[in-house]
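The primary structure of each chain is shown beneath.
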Amino acid sequence: MNEIKPSRRPLIYYYGLMACILMVFNFLAMPWLAKRQIIQVDYGTFMEMTEKREIGRVEVQSNQILFTDKEDTKIYKTGLMNDPDLIYRLKESGAVFSSEIVEQASPLLGFLLSWIFPILIFVGLGQIMSRKLMNKAAGSNSMMFGMGKSNAKVYVKSSEGIKFTDVAGEDEAKENLAEIVDYLHTPDKYREIGASMPKGILLVGPPGTGKTMLAKAVAGEANVPFFSMSGSEFVEMFVGMGASKVRDLFKQAKEKAPCIVFIDEIDAIGKKRDGHVGGNDEREQTLNQLLTEMDGFEGNNGVIILAATNRPESLDPALTRPGRFDRRVPVELPDLKGREEILKVHAKKIRVADVVDFGQIARMASGASGAELANIVNEAALRAVRGGRKFVTQSDLEESIEVVIAGYQKKHAILTDKEKWTVAYHEIGHALVAAKQSHSAPVQKITIIPRTSGALGYTMQVEEGNHYLMTKEEIENKIATYTGGRAAEEVVFQTISTGASNDIEQATKLARAMITRYGMCQDFDMVALETVSNQYLGGDSSLACSPKTQAEIDLRVVELVKTQHDKALEILKENREKLDKLAKHLYEKETITGEEFMEILEEA
Ligand code: ADP
Ligand code: ZN
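Attention here is on the structure that accompanies the text.

Basis of the calculations
Residues numbered from 1 in each chain as written. Chains lettered and ligands numbered in written order. Predicted model: local features only at pLDDT ≥ 70, side-chain atom pairs only at ≥ 80, totals over all residues. Heavy atoms only, no water. Helix = DSSP H or I, 4+ residues; strand = E, 2+ residues; numbered from the N terminus. Buried < 20%, exposed > 50% of the residue type's maximum accessible area, 1.4 Å probe, protein only. Contact = heavy atoms within 4.5 Å. Areas by Shrake-Rupley, 256 points an atom, 1.4 Å probe, with all protein chains shown as cover. Core = buried A, V, L, I, M, F, W, Y, C linked by side-chain atoms within 4.5 Å. Axes fitted to C-alpha atoms, helices over the stretch in contact; angles between N-to-C directions. Parallel < 35°, antiparallel > 145°, perpendicular 65-115°, else oblique. Left-handed = near helix turned anticlockwise from the far one by under 90°. Nonpolar A, V, L, I, M, F, W, Y, C, P; charged D, E, K, R; others polar. Donors = N, O, S within 2.8 Å, 3.2 Å for Na, K, Ca; no water. Tetrahedral: all angles 85-135°; square planar, octahedral: opposite > 155°, others 65-115°. Near = heavy atom within 4 Å. Polar contact = N/O pair within 3.5 Å; in protein donor to acceptor, adjacent residues only side chain to side chain. Pairing = 2+ DSSP bridges. Lys, Arg positive; Asp, Glu negative; His and termini not counted. Salt bridge = Lys/Arg side-chain N within 4 Å of Asp/Glu carboxyl O. Arc of directions from axis to C-beta.

**A few points about the overall build of the protein**
For step 1, the next point in the chain: When helices and strands are counted, the protein shows 24 helices and 15 strands.
For step 2, the next point in the chain: Relative to its full complement of 604 residues, the protein shows a buried share of 46%.
For step 3, the next point in the chain: Of the contacts formed within the protein by residues at least 6 apart in sequence, a portion of 73% connects residues at least 24 apart.
For step 4, the next point in the chain: Carbon and sulfur atoms form 55% of the exposed surface of the protein, whose accessible area is close to 31600 Å².

Right under this line is the structure:
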């Protein structure tokens, strides 16, 4: 104790002095402060205010949006969202685009700068000083908490009463999360048998698919407190703040357990640590603190951490290790049925004419996310008001799709009818060739909902059992399957498209590896023609043979792929009837399961 006391005293003086200065500052700046506090609101509120034309001036910054109310008395801020037609709606709402809200707002600025800057420097210095002091007083945990707390912000603590029924579609994700709700309701049932809940659950999916909503709904269903923070908020301001915010967040959460802690954009703190010297220290400290907190509590104490990301591949593996975020719940773009449900959920909030066909709207909005659908409904309501109507009509909705789509056509592939048919045949081509070769369900799921990755559709393969070895025949079949997409286009449309570029790459890779690495070409016997370098950094390989052999290899690769391509064409021609039937089914449903596929394939 003796070591702590002397170091505490200067801190007290320091804070005393700071308080005095702040008081003076507050006194001087009072009228300004009272007028222009920055209020953080969520994006929904921002959208709502835009709709209601309550926004005066707006400034879109690289990481946030600042805006004022009509009277220009309050400043609000909100995060950025992928919202391409925002500008359009803002214009519509009569908001004025401002280049710098804070600066133009107050003539007092120069005066304030001369006050705020010294204080910031003061606080910064204080941080460094107090840290040094704390290092001296190592082991004094209570003090650390005190420090962290004074810096940490108060967390939003309301789930806004959102329930699972508010989140439309996403049935798989909801099913998965229902278990968590059940656990929060009756933890004893789980404790008795010794089962512990996963501590962390990662919601993975493209932006605007309802990940935040789902997290809130879990809290709402279980009727427990909801703590929410965004990953990017952890990593700003002063060094050491992130870690102490994490510490404080968990301290609060543990006091309120059972509860839900939601960390949005976890990739902002959980990015893979790159071996760079002098990387982002702050982020690493924050991440380490998060890992420490997660390891520090039992799975049974009632704190469940949900996190959301749309870049799961960039996460540090330490985060996804067992005992941390070891459960992953995909939250995908909605399919046709999901889109219809989402439209209906949002349409409840507006007045709609009796004869609206939401199925039709959903079909037209192929590829749209939940947030975009909410947007379409909103846009339609605005259109109705503009037209002086009391109800939103079918044509309001249809026209608003166009507005929204025109805004995001580039990024989200909204397919034309012809393209949709092509993609349907292409995907079925893959699946059918695979099924005819292996005589079993080749796929888990086939979808022609465009992905944010740029793929227009995909066929989710299931590996049967553990597969450590592959025979030559299996690789050949796989190559044939890759060529199956293009082959189907050839058989049906007698013309080909660019949709097979990834297939071509994969097939070529396999064929080349067969020859240069696996010794599966008799003429070269068991000679390694290629060496792999840099296994952990992209797996580059270099040829280790004469130019003449290289030319020979190239010919063999072409030969190999062509043989399999011909085989695929043969299979599809023989099964043309099934191909048509399956493609039609996929075109209509957009997503089909492996079982549905087999059912149609095997029916007489
Ligand atoms: P994410 O966290 O995945 O980016 P959000 O949960 O923040 O997405 O969703 C943004 C908005 O989009 C929500 O407030 C809601 O209005 C709408 N939305 C998204 N997905 C759905 C859904 N499945 N059902 C109903 N509304 C949705
Ligand atoms: Zn393909």
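Text resumes after the structure shown.
**A closer look at the nonpolar core**
For step 1, the next point in the chain: Ile428, Ile446, Leu572, Leu579 and Phe597 are the most contacted members of the largest nonpolar core, which totals 31 residues.
For step 2, the next point in the chain: Counting residues per element, the ones that place at least two in this core are helix H19 (417-438), strand E11 (443-447), helix H20 (472-493), helix H22 (547-574), helix H23 (576-589) and helix H24 (594-602).
For step 3, the next point in the chain: Examining the composition of this core, we find that eight residues originate from one element, H19, more than from any other.
For step 4, the next point in the chain: Beyond its immediate stretch of four places on either side in the chain, isoleucine 428 contacts Ile446, Leu579, Leu582, Ala583, Leu586, Ile592 and Phe597.
For step 5, the next point in the chain: Membership of the second largest hydrophobic core comes to 28 residues, among which are Phe164, Leu203, Leu306 and Val329.

**Brief notes about the packing of helix H3 (residues 86-93) against helix H17 (residues 370-386)**
For step 1, the next point in the chain: Interhelical geometry of H3 versus H17 gives an angle of 25° and a closest axis separation of 13 Å. What the angle tells us is that H3 and H17 run roughly parallel. Considering only the axes of H3 and H17, their crossing is left-handed. Where H3 approaches H17, its residues Tyr88, Arg89 and Glu92 are matched on the opposing element by Asn375, Asn378, Glu379 and Arg386.
For step 2, the next point in the chain: Partitioned by chemical class, the residues of the contact of H3 with H17 number one nonpolar, two polar and four charged.

**Side note on the coordination of the zinc ion (ligand 2)**
When four donors bind a metal tetrahedrally, each ideal donor-metal-donor angle is 109.5 degrees, and when six bind octahedrally, the ideal angles are 90 or 180 degrees.
For step 1, the next point in the chain: Around the zinc ion (ligand 2), the protein contributes the donor atoms His426 (NE2), His430 (NE2), Asp503 (OD) and Asp503 (OD), at 2.0 to 2.8 Å from the metal centre.
For step 2, the next point in the chain: Given four donor atoms and angles of 52 to 145° at the metal, the environment of the zinc ion (ligand 2) is assigned as irregular.
For step 3, the next point in the chain: Mapped onto the sequence, the donors of the zinc ion (ligand 2) take the spacing H-x3-H-x72-D. Within this pair, histidine 426 and its partner histidine 430 are both found in helix H19, separated by four residues, close to a single helical turn.
For step 4, the next point in the chain: Relative accessible area serves as the criterion here: at 5%, histidine 426 is assigned to the buried category.

**Topic: unusual backbone geometry**
For step 1, the next point in the chain: For arginine 53, which is not a glycine, the phi torsion comes out positive at approximately 60°.
For step 2, the next point in the chain: Mapped onto the elements, arginine 53 comes out in the loop between helix H2 (43-51) and strand E2 (55-60).
For step 3, the next point in the chain: If you check the backbone angles, asparagine 223 has positive phi at about 55° while not being a glycine.
For step 4, the next point in the chain: Along the chain, the position of asparagine 223 falls in the loop between helix H9 (211-222) and strand E7 (226-230).

**Some thoughts on the site of ligand 1**
For step 1, the next point in the chain: Around ligand 1, the surrounding shell holds 15 residues, and the nearest of these are Ala168, Gly208, Lys211, Thr212 and His346.
For step 2, the next point in the chain: Glycine 210 places a main-chain nitrogen or oxygen 3.0 Å from an oxygen atom of ligand 1.
For step 3, the next point in the chain: Interatomic distance of 3.0 Å between a backbone N/O atom of methionine 213 and an oxygen atom of ligand 1.
For step 4, the next point in the chain: Protein chains shield 82% of the accessible area of ligand 1, which is 560 Å² for the free molecule.
For step 5, the next point in the chain: Split into classes, the residues belonging to the shell around ligand 1 amount to seven nonpolar, six polar and two charged.

**Observations regarding the packing of helix H7 (residues 171-185) against H9**
For step 1, the next point in the chain: Where H7 contacts H9, the two axes come as close as 9 Å, and the packing angle between them is 35°. In the packing of H7 onto H9, the handedness of the crossing is right-handed. Taken together, the residues of H9 that come into contact with H7 (itself represented by Ala173, Lys174, Leu177, Ile180, Val181, Leu184 and His185) are Leu214, Val218, Glu221 and Ala222.

**Examining the environment of glutamine 252**
For step 1, the next point in the chain: Here glutamine 252 shows up in helix H11 (residues 241-256).
For step 2, the next point in the chain: Judged by relative accessible area, which is 18%, glutamine 252 ranks as buried.
For step 3, the next point in the chain: On a C-alpha basis, the gap between glutamine 252 and phenylalanine 227 in space is 8.9 Å, while along the polypeptide they are 25 residues apart.

**Regarding the sheet that holds E2**
For step 1, the next point in the chain: Spatially, five strands are ordered E1-E4-E3-E2-E5 in an open sheet, and the strand pairing comes out mixed. Taken across any chain shown, the strands that pair with only one partner, and hence form the sheet edges, are strand E1 (38-40) and strand E5 (96-97).
For step 2, the next point in the chain: The sheet contact formed by E1 and strand E4 (residues 75-79) spans three bridges and is parallel. Within E4, the position partnered with isoleucine 38 by the bridge is isoleucine 75.

**Overview of the environment of leucine 333**
For step 1, the next point in the chain: With respect to the element layout, leucine 333 can be found in the loop between strand E10 (327-330) and helix H15 (336-347).
For step 2, the next point in the chain: By relative accessible area, leucine 333 is classed as buried at 7%.
For step 3, the next point in the chain: Considered as a pair, leucine 333 and glycine 370 are 37 residues apart in the sequence and their alpha carbons are 7.4 Å apart.

**Some details on the side chain of lysine 211**
For step 1, the next point in the chain: Note that lysine 211 resides in helix H9.
For step 2, the next point in the chain: Buried charge without a salt bridge: lysine 211, with aspartate 264 as the nearest opposite-charge side chain at an N-O distance of 6.5 Å.
For step 3, the next point in the chain: Here the side chain of lysine 211 touches proline 206 through a polar contact of 2.7 Å, landing on its backbone oxygen.
For step 4, the next point in the chain: Beyond its immediate stretch of four places on either side in the chain, lysine 211 contacts Leu203, Val204, Gly205, Pro206, Phe262, Ala308, Thr309 and Val331.

**Things to note about H2**
For step 1, the next point in the chain: If you check which residues of H2 are buried, you get Tyr43, Phe46, Met47, Met49 and Thr50. Projected onto a plane normal to the axis of H2, the buried residues spread over an arc of 165° and lie on a single side.
For step 2, the next point in the chain: Summarising the contacts, the buried residues of H2 are in contact with E2, strand E3 (64-69), E4 and H3.
For step 3, the next point in the chain: Once H2 ends, the next one or two residues include arginine 53, with phi positive near 60°.

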